[in-house]
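Examination of the molecular architecture
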Amino acid sequence: MINDEVRPLPVPNDEDREFWEAARGHRFVLPRCESCGHVWFPPYAACPRCLSRERTWVAASGRGTIAGVARFHRQYLPSFPPVHTVILVQLSEGPYVYANIVDSDPAEAAVGLAVSVVFEDVTPEISLPQFRLAQPS
Amino acid sequence: MTNRSTSRTTAIVGIGSTPYGQMYRAAGGDGTALESALSATAAAIEDAGLRKADIDGVIVGGLPRYEPFMLRAGLTDVRFVAHYPWAGRLCPLALAQAAAAVQSEMADYVVLFNAVEFRSANKRFGESEDVVRSGRRPAAPMETSYGLAYGMSTPGANYALAYSRYQSSHGLADGALGAVAVSSGQWASMNPDAILRDKVTMADYQSSPYVAEPLRRLDYCLVNDGCAAYVVTTAERARDLPHRPVLVASLAGRATIREYYAAEDFWGQACQSLKHDLLDRIGLSLGDVDAVSVYDNFSTSIVWMLEGFGFAAPGEALGRIAEGWIAPGGELPVNTSGGMLSEAYLMGWNNHVENVRQLRGDAGERQVPGCRTILYAGLSAVPAGDVLVRGD
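Residues numbered from 1 in each chain as written. Chains lettered and ligands numbered in written order. Predicted model: local features only at pLDDT ≥ 70, side-chain atom pairs only at ≥ 80, totals over all residues.

1. Thoughts on the overall build of chain B
- Within chain B, the regular secondary structure consists of 15 helices and ten strands.
- For chain B, the C-alpha radius of gyration of 20 Å lies close to 21 Å, the compact-globule estimate for 392 residues.
- Principal axes of the C-alpha set define a box for chain B whose edges measure 55 × 50 × 40 Å.
- Here chain B holds 392 residues, and 56% of them are scored as buried.
- Partitioning the contacts of chain B with sequence separation of at least 6, the portion at a separation of at least 24 is 77%. (Helix = DSSP H or I, 4+ residues; strand = E, 2+ residues; numbered from the N terminus. Rg over C-alpha atoms; globule rule 2.2 N^0.38 Å. Buried ≥ 20, exposed ≤ 12 C-beta atoms within 10 Å, placed from the backbone. Contact = placed C-beta atoms within 7 Å.)

2. Considering the domain arrangement of chain B
Residues and elements named next belong to chain B.
- As assigned here, chain B comprises domain 1 (7-123 + 223-247) and domain 2 (174-220 + 250-384).
- On a C-alpha basis, the centres of domain 1 and domain 2 stand 23 Å from each other.
- Contacts between domain 1 and domain 2 engage 30 residues on the former and 28 residues on the latter.
- A per-element tally of the side of domain 1 that touches domain 2 places helix H4 (residues 91-103) first, with six residues. (Domains from an automatic or database assignment.)

3. Section: the interface of chain B and chain A
- Of the residues lining the interface, 35 residues belong to chain B; the matching set on chain A comes to 33 residues.
- Going through the elements one at a time, helix H5 (129-134), helix H6 (142-148), helix H7 (155-170) and strand E5 (212-213) of chain B are the ones with two or more residues in the side of chain B that touches chain A.
- Ranked by residue count, the leading element in the side of chain B that touches chain A is H7(B), at seven residues.
- Across the side of chain B that touches chain A, the residue classes tally to 18 nonpolar, ten polar and seven charged.
- Sheet topology note: the strand E3 (residues 63-72) of chain A/E5(B) ladder contains two bridges and is antiparallel. Bridge pairing in E5(B) places A:Phe72 opposite B:Ala212. (Nonpolar A, V, L, I, M, F, W, Y, C, P; charged D, E, K, R; others polar. Pairing = 2+ DSSP bridges.)

4. Regarding the domain arrangement of chain A
All names here are of chain A.
- Domain assignment breaks chain A into domain 1 (11-60) and domain 2 (61-137).
- Contact with domain 1, which involves ten residues of that partner, is made by 13 residues of domain 2.
- Per element, the largest residue contribution to the side of domain 1 that touches domain 2 is three residues, and it comes from helix H1 (residues 17-24).
- For the side of domain 1 that touches domain 2, the per-class residue count stands at eight nonpolar, one polar and one charged.

5. What to know about the pairing of strand E7 (residues 246-253) of chain B
Residue and element names in this part refer to chain B.
- With seven of eight residues buried, E7 is to be regarded as a mostly interior element.
- Alignment of E7 against strand E10 (residues 384-390), held across seven bridges, turns out to be antiparallel. Looking at the pairing, Leu247 lines up with Val389 of E10.

6. Some remarks on helix H8 (residues 178-188) of chain B
Residue and element names in this part refer to chain B.
- Within H8, eleven of the eleven residues are buried, which leaves it mostly tucked inside the rest of the structure.
- The set of residues buried in H8 consists of Gly178, Ala179, Val180, Ala181, Val182, Ser183, Ser184, Gly185, Gln186, Trp187 and Ala188.
- Lining the buried residues of H8 we find helix H9 (202-207), helix H12 (299-309), helix H13 (317-322) and helix H14 (339-342).

7. Examining H4(B)
- With 13 residues, H4(B) should reach 18 Å at 1.5 Å per residue; the first-to-last C-alpha distance of 18 Å fits that figure.
- Buried residues of H4(B): B:Cys91, B:Pro92, B:Ala94, B:Leu95, B:Gln97, B:Ala98, B:Ala99, B:Ala101 and B:Val102, and no others. (Expected span 1.5 Å × (residues − 1).)

8. Some words on unusual backbone geometry
- Residue A:Phe41 is joined to A:Pro42 through a cis peptide bond whose omega torsion reads -5 degrees.
- With respect to the helices, strands and loops of the structure, A:Pro42 is situated in the loop between strand E1 (29-33) and strand E2 (55-59).
- In this structure, A:Val83 follows A:Pro82 across a cis peptide bond, with omega equal to -5 degrees.
- Here A:Val83 is to be found in the loop between E3 and strand E4 (84-91).
- Here B:Tyr261, not a glycine, exhibits a phi torsion of approximately 65 degrees, which is positive.
- The topology assignment puts B:Tyr261 in the loop between E7 and helix H11 (268-278).
- Backbone geometry at B:Met347 places phi at a positive 60 degrees, although glycine is not the residue there.
- Along the chain, B:Met347 turns up in the loop between H14 and helix H15 (349-360).

9. A closer look at the pairing of strand E5 (residues 96-99) of chain A
Residues and elements named next belong to chain A.
- When E4 meets E5, the two strands line up antiparallel, connected through four bridges. By the bridge assignment for E5, Leu88 is matched with Tyr98.
- Taken together, E4 and the strand that follows it, E5, pair antiparallel across an intervening segment of four residues, in which Gly94 is found at a positive phi of about 120 degrees.

10. Description of the environment of B:Ala98
All names here are of chain B.
- Secondary-structure assignment places Ala98 in helix H4.
- Taking the number of C-beta atoms within 10 Å as the measure of exposure, Ala98 has 27 and is therefore buried.
- Along the primary structure Ala98 and Val58 are separated by 40 residues, whereas in three dimensions their C-alpha atoms are 8.4 Å apart.
- Ignoring anything within four residues of it in the chain, the contact list for Ala98 reads Ile59, Val110, Leu112 and Val232.

11. Examining the packing of H11(B) against H12(B)
All names here are of chain B.
- Closest axis-to-axis distance for the H11/H12 pair is 8 Å, and the angle between their directions is 60 degrees. What the angle tells us is that H11 and H12 run oblique. In this structure, H11 meets H12 at a crossing whose hand is right-handed. Counting all contacts with H11, which are made through Gly268, Ala270, Cys271, Gln272 and Lys275, the residues of H12 involved are Met305, Gly308 and Phe309.
- Of the residues belonging to the contact of H11 with H12, the class tally is four nonpolar, three polar and one charged. (Axes fitted to C-alpha atoms, helices over the stretch in contact; angles between N-to-C directions. Parallel < 35°, antiparallel > 145°, perpendicular 65-115°, else oblique. Left-handed = near helix turned anticlockwise from the far one by under 90°.)

12. Considering the sheet that holds strand E3 (residues 80-84) of chain B
Residue and element names in this part refer to chain B.
- Here we have nine strands laid out as an open sheet, ordered E3-E2-E4-E6-E1-E7-E10-E9-E8, and mixed in their pairing. With partners counted over all chains shown, the strands left at the sheet margins are E3 and strand E8 (291-294), one partner each. The average angle at which neighbouring strand axes cross in this sheet is 25 degrees, direction not considered.
- Pairing geometry for strand E1 (residues 10-17) and E7, over three bridges, is antiparallel. Across the sheet, residue Thr10 finds its bridge partner in E7, namely Val248.
- Here H4 sits on the sheet and contacts E1, strand E2 (57-61), E3, strand E4 (110-117), strand E6 (225-234), E7, strand E9 (373-378) and E10; the angle it forms with E7, its principal contact strand, is near 120 degrees.
- Each of E7, E9 and E10 touches H11; the most contacted strand, E7, lies at about 140 degrees to it.

Have a look at this one:
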């Protein structure tokens, strides 16, 4: 079980405050460049493609594909006892995000599987985007 | 376009290193990085047939500060000083800077080194000490703190994420990667200075514990103390020195910086860029390479380097490695000292010391016959490489 008492959490700053405010409302948003249309993550203040600082927040699909699965058999951070599974998800919009598998068995996580976003309320301020295995359609 | 004849104007003329295996096995015998730096640089200067007074350029790698070394080494009035606090992945770039220094006549003889004390300082990569100390408010950049919230830390786990994708896309069996550790162990068994000198079998590999699955402990490089050093000068000055010079034929870098460290294509594009700059540009082909040297922070780096440069087709390197392709007696010797997996983790610098030995013909039992050209490359946030050739 993850120990939330000592879990390192993001500290919202000027770059990503709006992202975490949306996440608190269980909305998964991504910055999109007003100038060139690029969508990126993490939400750096300026567009990494054209350096424009005009960004808007667009609702992401919340869908992605597992691009990597790592299972920690050794404990590095006090809050994550082994075996702890981390996945890398490629969002359907393109960017990659780290996450955990929730609402599904982490043992079933495998490269290539479709996932969809869910939110884990960790503190009153921080709700983390997480993923569960998508239901076969 | 670099002219082949003018690209070989810089030489490595001296090498020195700490006795990795002896230090590692001696109870409490590991030294500080500063002590290691002093002994390895003195050895490199002596090996070059030079005196300390000849050294007028210094590139300090690994140490957090350069003054303590300069004072103790008596190198207090040199013409050229540079500093790479984190020298590992940048080692071809440090070599490039040394070459630039001697070619621009900023210095005549540059000593450069990387010194570490990972083991005696109980360094654990990725433990994120800032996070542990500060509780839940990580003093980490935004992009790093995003990973930490999910329990993502350590370079090894990023390589594990990438290897899981590689394994899946090529349908590789669990354990296929073990062929790299087996080959590395075979080379290291012939290296008296190596830390891990016992040959590794596939059964040993399968019983090696997972660290970040699918990677096992034998897929990770060592954690040790020590130093690797070399002396660089012009090819012209090298003629007057005792050893057959080893010439720098080409140098190249190609940054591939990702939040998740491992490039999506397993560094394929970066390797093609390096291949162009290191080989094509000076009229060399893969077939001209007598031995390959890889920054083997993880065993996967060897696989992806060989495939990225085109020595093997995507997905095929491990099958060939299992047949002895890169092992002693194989068609393409790779990391002939045992590299960072088995010899020592000096972050590519020990690999370069070995490459100089090979090109001099001084590698003893593990000498690659007729070794004239060695290609080195590292895959990381800043992939970089070089080609060293035997001088006449």
